[in-house]
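Architecture at a glance
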Amino acid sequence: MKPFEYDALPGRIVFGLGKRTELANEVRRLGATRVLLIADPHDDERLQEFRELLGDLCVATFTDVAQHVPRAKASQAIALAREFEIDATVSLGGGSATGFSKAVALEMATPQLCVPTTYAGSELTPIWGMTEGDTKQTGRDLRSLPATVIYDAELTIGLPVEIAGPSAMNALAHAAEGLYAKGANPVTSLIALEAARVLYEHTPLMCADPSDIEQRSFVLYGAYLAGATLAVAGTDLHHRTNHILGGLFNLDHGKMNAVVLPYALAVNKPAIAGPYGRLSDALGGDAASAIFDLARRINAPRSLAEIGMPADGIEQAVPLVVEASQKDVWPLNEIQVRNFLRAAYEGSELYEAFLGLSNSRTES
Ligand code: NAD
């Protein structure tokens, strides 16, 4: 057996329908009395409900949340946190709201309680991200790891299928890539395979009947497992590419994940035979093809062109992805990256993603 290292991460999970009603108790459990509530503006009624649930514990609210955490907006949230001398943040929303909470926590060293309403999984990780100009910076810092997460699938019921499906594929990407990213270990791989199985089975069922709370719960559970994998195993080609494209072209994170994942797996397939085979077993067929087909079945976007990437963006991104990929399990060259991005841009059938790839990489 291969030796491994495992830095297990702390964190309290409260999972179940209606569990948001325990919010105030969970905040007190953190020893906090002055909360900044950070919420994305998707639902005013929900925001009001959370203000009431927090009562006197809520001293300020920030709702100017945007994807990829623009630095200027994050600075406003931090200024608010300072002004009100907060001692904790509560986030309500998707990965973007969580991202703002992390930005505040990094600066103020305050604990975070996150209540996710998508399947992005950021609430499980010590990974922060911030965008300045067209560059998205990410880093790993334990101060940005949320202390408590409340998973309440009732909060996801209003998430439209066009967002929910790709968001679930974002979670699937955490599980898939978590099987071969550099931090993977036997324990995270167990969790990743279960996450992939649950997400692959329940995402189409949830998309077919978005009001089915049981399916919503399963997908949220899968997203939790996938986020826990990402938090320890880390990321590889797929996520690095998404961060670059997200920064350059401000593409929607969930949709980008749905498009890029099968191609990232396809280009890596010759080099990650072991994890790829285990993922294929969990999904019941060739992993990249199964995921490509899942995107089709749930009507998720299948090309970067479709989600707004400009055609000349491929050449802009190639050198950045080549450079970033040198940190990956299998570093890619310029031809490989161009091929990979072009295939994802066009939404080409998967076999094209293999064209021009070197066969010289050794298998793991
Ligand atoms: P998001 O948070 O931007 O949400 C997408 C859209 O869904 C928004 O318009 C939001 O208002 C809406 N929405 C959210 N919940 C809703 C609900 N229940 N009902 C109706 N509408 C709802 O997108 P996301 O995909 O959740 O998160 C993306 C961001 O998270 C990106 O910036 C990404 O980089 C980051 N992320 C970070 C990590 C990490 O570990 N640091 C992991 C995953 C994602």
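The structure presented is a predicted model; accordingly, all values stated were derived computationally and were not measured.

Moving on to unusual backbone geometry. Here the phi dihedral of Glu-85 falls at roughly 45 degrees; this positive angle occurs in a residue that is not glycine. Mapped onto the elements, Glu-85 comes out in the loop between helix H3 (71–83) and strand E4 (88–93). Look at Glu-85 and you get exposed, because its relative accessible area is 61%. In this structure, Asn-250 takes a positive phi of about 50 degrees despite not being glycine. Note on placement: Asn-250 falls in the loop between helix H8 (237–249) and helix H9 (253–268). Taking relative accessible area as the criterion, Asn-250 reaches 58% and is therefore assigned exposed.

We now examine the sheet that holds strand E3 (residues 58–62). Strand order in the open sheet formed by 6 strands is E1-E8-E5-E4-E2-E3, with parallel pairing between adjacent strands. One side of each edge strand has no neighbouring strand; the edge strands of this open sheet are strand E1 (12–15) and E3. Going across the sheet, the axis of each strand differs from the next one's by a mean of 15 degrees, ignoring polarity. Sheet analysis places strand E2 (residues 35–39) next to E3, joined by 4 bridges and oriented parallel. Its bridge partner lying in E3, Val-35 is registered against Cys-58. Against the sheet, helix H4 (residues 95–108) engages E2, E3, E4 and strand E5 (112–116), with an angle of about 165 degrees to E4. Of the strands in this sheet, E1 and strand E8 (148–151) touch helix H7 (residues 213–233), which is tilted by about 170 degrees from E1.

This paragraph deals with the pattern of salt bridges. Overall, the coordinates contain 18 salt bridges when judged by the stated rule. Two residues, Glu-49 and Arg-46, come together in a salt bridge whose shortest N-O distance is 2.9 Å. Taken together, the positions of Glu-49 and Arg-46, both in helix H2 (residues 44–54) and 3 residues apart, correspond to about one turn of that helix. Here Arg-143 ties to Asp-141 by a salt bridge, and the two come within 2.8 Å at their closest N and O atoms. In this structure, a network of salt bridges that share partners links the residues Arg-20, Arg-46, Glu-49, Asp-152 and Glu-154.

Judged by nonpolar contacts, the single largest core of 76 residues is most densely connected at Tyr-119, Leu-265 and Leu-304. In terms of residues, this core owes the most to one element, H9, which gives 10 residues. Formed jointly, this core draws a minimum of three residues from each of two domains, domain 1 (12–156) and domain 2 (161–360). With sequence-adjacent residues up to four places away left out, Tyr-119 is seen in contact with Thr-156, Leu-159, Ala-164, Ser-167, Ala-168, Ala-171, Met-206, Arg-216, Val-219, Leu-220 and Ala-223. Within the second largest apolar cluster, 20 residues are counted, among which are Ala-24, Leu-54, Val-90 and Leu-155.

Here the focus is the domain arrangement of the protein chain. Entries for the protein chain in the domain assignment read domain 1 (12–156) and domain 2 (161–360). Taking only C-alpha atoms, the centre of domain 1 and the centre of domain 2 are 26 Å apart. In this complex, domain 1 contributes 24 residues to the contact, which on the side of domain 2 involves 28 residues. Summing both partners gives a buried area of about 2100 Å² for domain 1 against domain 2, and 67% of it is carried by carbon and sulfur. The largest contributions to the domain 1 side of the interface with domain 2 come from Phe-15, His-68 and Tyr-119, which together make up 32% of the buried area. The interface formed by domain 1 and domain 2 holds 0 salt bridges in total. Those elements that place two or more of their residues in the side of domain 1 that touches domain 2 are E1 and strand E7 (135–140). It is E7 that provides the largest number of residues to the side of domain 1 that touches domain 2, a total of 4 residues. Broken down by class, the residue content of the side of domain 1 that touches domain 2 amounts to 10 nonpolar, 9 polar and 5 charged.

Conventions adopted
- Residues numbered from 1 in each chain as written.
- Predicted model: local features only at pLDDT ≥ 70, side-chain atom pairs only at ≥ 80, totals over all residues.
- Heavy atoms only, no water.
- Helix = DSSP H or I, 4+ residues; strand = E, 2+ residues; numbered from the N terminus.
- Buried < 20%, exposed > 50% of the residue type's maximum accessible area, 1.4 Å probe, protein only.
- Pairing = 2+ DSSP bridges.
- Axes fitted to C-alpha atoms, helices over the stretch in contact; angles between N-to-C directions.
- Contact = heavy atoms within 4.5 Å.
- Salt bridge = Lys/Arg side-chain N within 4 Å of Asp/Glu carboxyl O.
- Core = buried A, V, L, I, M, F, W, Y, C linked by side-chain atoms within 4.5 Å.
- Domains from an automatic or database assignment.
- Buried area = accessible area lost by both parts, 1.4 Å probe.
- Nonpolar A, V, L, I, M, F, W, Y, C, P; charged D, E, K, R; others polar.

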